[in-house]
Each structure stands twice: as structure tokens, then as C-alpha cells.
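Structural characterization, general
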Amino acid sequence: MQDVIDKIKAAEAQAQQRKAEAHAQADQAAAQAKSDGKKHIENAVADANKKAQQVVALAEEKAKSLAAETVAEAKKAADEILKIAQSRMDQAALKIVEGIVDNL
């Protein structure tokens, strides 16, 4: 009978030990999952930041290009206005000269 009691006690002790080992393994797995999750989030944030920087750089490049085009168009328009103004000034000067010559 004592033999049976000893076997039951040994089985209970072994069950407690396995339970403690299972808890330790579960705690370790949870800690590892937390660490892996944190690393995954950090990597995702780093990737997102990298992509955001690429988008910003592309946007800046496009903005510079559009600004250069706008400046070129404005310069072309200004040159046309200057040509027209110069032509009108030449015509006005010619009329003045013709008026003076006619009065002589």
C-alpha cells in the first residue's frame, strides 16, 4: 500500500514539475513573441519612414521641376511682353520723328 502512495506522490510531484516547466516555457514563448512583435513593429516603422522619405524626395523633385517650368513660361511671357513694348516704343518714336520732319 505504501508503494502505491509513494507512486501517487511521485506522480503528483512529477505533474507539478511538468506544470512549472510548462508555465516557464509559456512565459518564455510569450516574452519571445513580445520581442519578435516589437522588432516587427520597429522594422515596419523603419520601412514606412524610408518610403515616406522617398515620397518626399520625389515630391520635392517634382515641385522643383514644376517651378522651373513655371519660371521658364513666365520668362517667355515676359520676353514677349518686352518685345511688344519695344515694338510699340519704336513705332511711337517713328511717329514722333515723322511728326518733327513734317513740321520742318
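For the structure, check the block above.
Throughout what follows, the structure given in this document is the object of discussion. (Residues numbered from 1 in each chain as written. Predicted model: local features only at pLDDT ≥ 70, side-chain atom pairs only at ≥ 80, totals over all residues. Heavy atoms only, no water.)

Glancing now at a nonpolar patch on the surface. A contiguous nonpolar surface patch, about 370 Å² in accessible area, is contributed by Ile96, Ile100 and Leu104. Looking at where Ile96 falls in the secondary structure, it is placed in helix 1 (residues 2-103). (Patch = residues over 30% accessible without salt bridge, like charges linked within 9 Å, V, L, I, M, F, W, Y side chains within 5 Å. Areas by Shrake-Rupley, 256 points an atom, 1.4 Å probe, with all protein chains shown as cover. Salt bridge = Lys/Arg side-chain N within 4 Å of Asp/Glu carboxyl O. Helix = DSSP H or I, 4+ residues; strand = E, 2+ residues; numbered from the N terminus.)

Going through the model one piece at a time under the given rule, you end up with 1 salt bridge. Lys7 is the salt-bridge partner of Asp3, the closest N and O atoms lying 3.8 Å from each other. Here Asp3 pairs with Lys7, and both are found in helix 1, just 4 residues apart, close to one helical turn. Relative accessible area serves as the criterion here: at 48%, Asp3 is assigned to the partly exposed category. The exposure class of Lys7 is exposed, given its relative accessible area of 55%. (Buried < 20%, exposed > 50% of the residue type's maximum accessible area, 1.4 Å probe, protein only.)

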